[in-house]
Structure formats: structure tokens, C-alpha cells
Amino acid sequence: MDAKRGAQEKCGEMRDELAALSHRIHGHPELGFEEEKASAWLCEFLADAGFNVERGVCDLPTAFVARAGGGPLHIAVCAEYDALPEIGHACGHNIIAAMSVGAGVAAAQVADDLGLTISVVGTPAEEVGDHGGKIHLLEGGIFAGVHAAMMVHPAPFDVATPRIIAASMFDVHYEGKASHASAFPEMGVNAADALTVAQTAIGLLRQHILPTQRIHGITTKGGEAPNVIPAHTSAKYIIRGQTLEELEELRPKVHRCFEAGAVATGAALTIAGGDKPYAEMVHDPEMAAAYQRNAEALGRTFPDLGAVLERAAGSTDMGNVSLALPAIHPFISINSLPAVNHQPEFTAHCVKEEADKALFDGALAMAWTMVDLAHDDVLRSRLIARVQD
Ligand SMILES: [Zn+2]
Ligand SMILES: [Zn+2]
């Protein structure tokens, strides 16, 4: 097929530049909503490739939309580029960024012949866990008129339709009263005890939640000195469920555990955030099948992971996109085992040869999937006919 060959040639031409772009982003990790360098480099690359680039969309300085082609079928490729605190690009978003740009530019080569409009959407702050970049962009109408969206995420394995569950992150604060911990403890209200009671209650709650629900968190402030009764403590928690509905069933139970800490100690409780949860991912089955065929044509294999895959469920704001329009979020292997995402060892893998290969294969498999969506009359009509919310 000529269009696929055209996309492949373009990908081949860009191979070294895309790897260099991925490595440069990896070398300058930036946290969510602070990805100034990464978004500038990506926008430059896309502008040089002839895309019409709009930066700072939806009042998010590091978000962008780059558009090429003018056809009736409008496909968005999402690029993520935020890193994690302390461990840098331990989720491989440097690879995602370069891969999505590569896919967009390769597909743009053949967009006019195929009746496609291609948008590469720069989506900041996926790792922030609440109010993710894609949620802002969805609310700001960036995906209005888009018929399908895609991105591919680095992982230890290739998976066409990974299980991605709903998640909500929030902050908890307790305010007690400081006092001398030895001389006048009866005059203090211990905010650290409040957190201890809450964590104990959460530990007991685990017996009564579904196997598919999750609760995990960290203490972000535990006190100032062992001889001062802690007056202020705080924590960050994430709750997850298979779906937004299952997540919302869990939320009041976890809140009650934090309330227990306040009741037991007399400290005042504040819970902030958590009001823009990440939704579960609904993969479009036909798009996912097309992606898998294309990735297999490049020599990739999709192992049957069975129970491992059922258990290993993360969350992403791409889930929110998938509830609004047909979308896919496959995993692509960077052959990192035993290292897995969010480990510093994974960070090191994200610039190895296997990572660059995943970048290239993912870019081309996405570009070919866009060609398939354009060529398959039934699928194309389904995507175009869909009435958006
Ligand atoms: Zn991550
Ligand atoms: Zn990630």
C-alpha cells in the first residue's frame, strides 16, 4: 500500500532526529505543567515539519495543538512529556513525546491523499493524578470535532488493550495544636496521631473493599521535631476502582477513615482535590486490533500475560479522552524487565536501543493505523458519523 510505504519512508528519514528528541527530553526531566523545554522542542519539530502549531492552548502554557491536513476524518495523537519527582522519566514519557510527533509527521505525509486531518495534541501533566492535562483540554474543547484519538505507552510488554482503571488523588491535612511533647503533652492536639488512626482504619478497610479497588498514599508532612507535638500533618492519597462508578463507591469509605483520625484526636481535617478523577480506559476494539496488526507487521509480539495483566492496572487521563471519543492506549515493550514503570531502573531503560526501537515502531504502527482508519470504509464512516457529546 503506497500510503503505508510513504509513512514508513518518512519515519525512516526521521529516525535519528526522533531518537535525539527523546533523549533530549529524557535528559531534562520536567514535572507536570512545567514542561517548558519539552513542549518547545516538540512544537519546533512539528513546525519544521509543516504543522500549524498553536502553543499554550486552554491557558495551559505547556499544552499545544499542531495540525496538518484538511481531510474530513480528524485523528488526534496525544503526546505526553512530563516526568516524575526525583526519578525523572521513569514512565518513558520522553519516548511517548517523540513517538507521537513521529506518528503525526509520518501520517501528515499522506494526510491529503487519505482525507485526513492530523492533530498532534501536546498534553501536559499526566503524572499529577488529579486535574490531568487531558482533562483540562477535554473541558476546553480541544477534542471537539476529533473523531479518534491514540497514543502508545512504553511498558515492559506489548499489550494492545491494557487494563487501565479509574483513579483519584487528593490531599489530606490535619490541624492540631503544638505543645512540648514531654512537659505539656496534655495541652497539645496531635495531628500525627490523627494520620496514624486514619492509616490504621484504612488498613482494616482493606478487608472490605473489592479486589479491584486500591488505596495507597504517602505522608507529605509528619511533624517538625520529636519534642514538639505535631500541629500540622498532611498526606497524599490515591484511590482506584475499575470504573469511575466503582471509584466513587470507595471514596466515602476512605474519607470516613480520615474522619476517624480527626474524631479520635480532636484535630481538624481538610480534604482537598480529587474532584477531577482519571477515568477508566475504554479501548476502541477495531482501532486496537488495527494497531496490533500493524505492530505485529513490524515484528512485535503480544504475549498472553493472563493474570499478570489483570492485576497490573495503572491509570491515565487518556481514560477520560476514551470516554469522550473512540481511543486507544496500547503498551509497547522497551524490554526493561525486571525493571518496571516508576522505578529508577526503568528511567535508565528509556534511552536504550530498545527504547529507541519502541519509539520508532510505535510511531510507524500508529501512522499505519491512521492509514487503516482512513482506508476502511466501514470504520471510517462509523468514526465520522459518531455524534460527539
Ligand atoms: Zn507513569
Ligand atoms: Zn506514563
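The following refers to the structure shown. From a predicted model like this one, the values you see are computed outputs, not experimental measurements.

A closer look at the overall build of the protein
Right, so step 1: Looking only at helices and strands, the protein features 13 helices and 12 strands.
Right, so step 2: Taking 2.2 N^0.38 as the reference for a compact globule, 389 residues should give roughly 21 Å; the C-alpha atoms of the protein span a radius of gyration of 23 Å, in line with that estimate.
Right, so step 3: Taking the principal axes of its C-alpha atoms as reference, the protein extends roughly 80 × 40 × 40 Å.
Right, so step 4: Counted over contacts in the protein with a minimum sequence separation of 6, partners at least 24 positions apart contribute 80%.

Focus on the sheet that holds strand 8 (residues 214-221)
Right, so step 1: The strand order across the open sheet built from four strands is 8-9-7-10, with neighbouring strands paired in antiparallel fashion. Because the sheet does not close on itself, it has two edges, and the strands there are strand 8 and strand 10 (268-273). When the angles between neighbouring strand axes are averaged without regard to direction, this sheet yields 25°.
Right, so step 2: Relative to strand 9 (residues 232-241), strand 8 runs antiparallel, the two sharing seven bridges. Bridge assignment links His216 to a residue of strand 9, and that residue is Ile238.
Right, so step 3: Against the sheet, helix 6 (residues 191-205) touches strand 7 (166-175), strand 8 and strand 9, its axis set at about 20° to strand 9.
Right, so step 4: Contacting strand 7, strand 8, strand 9 and strand 10, helix 7 (residues 244-265) runs over the sheet at an angle of about 15° to strand 7.

Digging into helix 7
Right, so step 1: Here helix 7 is 22 residues long and its end C-alpha atoms lie 32 Å apart, about the 32 Å a rise of 1.5 Å per residue gives.
Right, so step 2: Turning to helix 7, its buried residues are Glu246, Leu247, Leu250, Arg251, Val254, Cys257, Phe258, Gly261 and Ala262.
Right, so step 3: Elements that come into contact with the buried residues of helix 7 comprise strand 7, helix 6, strand 8, strand 9 and strand 10.
Right, so step 4: Trailing helix 7 by a residue or two, Gly266 shows a phi angle of about 90°, which is positive.

Focus: the coordination of the zinc ion (ligand 1)
Right, so step 1: Listed as protein donors to the zinc ion (ligand 1) are Cys91 (SG), Glu127 (OE) and His342 (NE2); their distances from the metal cover 2.0 to 2.3 Å.
Right, so step 2: Going along the chain, you hit the donors of the zinc ion (ligand 1) in the pattern C-x35-E-x214-H.

Some details on the nonpolar core
Right, so step 1: In terms of nonpolar packing, the biggest core is built from 67 residues, with Leu116, Met150, Tyr291, Met370 and Leu373 touching the most fellow members.
Right, so step 2: Sorting elements by how many residues they give to this core places helix 12 (residues 353-375) first, with 14 residues.
Right, so step 3: Discounting residues that sit within four places of it in the chain, Tyr291 has contacts with Val152, Phe302, Ile328, Pro330, Ile332, Gly362, Ala365, Met366 and Thr369.
Right, so step 4: By size, the runner-up hydrophobic cluster in this structure holds 22 residues, among which are Val172, Tyr174, Val254 and Ala267.

Observations concerning the state of the cysteines
By definition, a disulfide links the sulfur atoms of two cysteine residues through a covalent bond.
Right, so step 1: Counted under the stated rule, the structure contains zero disulfides.
Right, so step 2: Lacking any disulfide linkage, Cys78 is separated from the closest cysteine sulfur, that of Cys58, by 13 Å.
Right, so step 3: When its relative accessible area of 0% is taken as the criterion, Cys78 is described as buried.

Focus on the coordination of the zinc ion (ligand 2)
Right, so step 1: Those protein atoms acting as donors to the zinc ion (ligand 2) are Cys91 (SG), His93 (NE2) and His153 (NE2), and they sit at 2.1 to 2.4 Å.
Right, so step 2: Counting gaps between the donor residues of the zinc ion (ligand 2) yields the pattern C-x1-H-x59-H.
Right, so step 3: Between the zinc ion (ligand 2) and the zinc ion (ligand 1) the interatomic distance amounts to 3.0 Å, and Cys91 serves as a bridging ligand to the pair. Taken as a pair, His93 in helix 3 (residues 93-109) and His153 in strand 6 (residues 153-155) lie far apart in primary sequence, 60 residues in all.
Right, so step 4: The class of His93 is buried, set by a relative accessible area of 0%.

Side note on the side chain of Arg240
Right, so step 1: Counting through the fold element by element, Arg240 comes out in strand 9.
Right, so step 2: A distance of 2.9 Å separates the side chain of Arg240 from the side chain of Ser315, its partner in a polar contact.

What counts and how
- Residues numbered from 1 in each chain as written.
- Chains lettered and ligands numbered in written order.
- Predicted model: local features only at pLDDT ≥ 70, side-chain atom pairs only at ≥ 80, totals over all residues.
- Heavy atoms only, no water.
- Helix = DSSP H or I, 4+ residues; strand = E, 2+ residues; numbered from the N terminus.
- Rg over C-alpha atoms; globule rule 2.2 N^0.38 Å.
- Contact = heavy atoms within 4.5 Å.
- Pairing = 2+ DSSP bridges.
- Axes fitted to C-alpha atoms, helices over the stretch in contact; angles between N-to-C directions.
- Expected span 1.5 Å × (residues − 1).
- Buried < 20%, exposed > 50% of the residue type's maximum accessible area, 1.4 Å probe, protein only.
- Donors = N, O, S within 2.8 Å, 3.2 Å for Na, K, Ca; no water.
- Core = buried A, V, L, I, M, F, W, Y, C linked by side-chain atoms within 4.5 Å.
- Disulfide = S-S within 2.5 Å.
- Polar contact = N/O pair within 3.5 Å; in protein donor to acceptor, adjacent residues only side chain to side chain.

Limitation: the analysis is restricted to geometry and does not speak to function.
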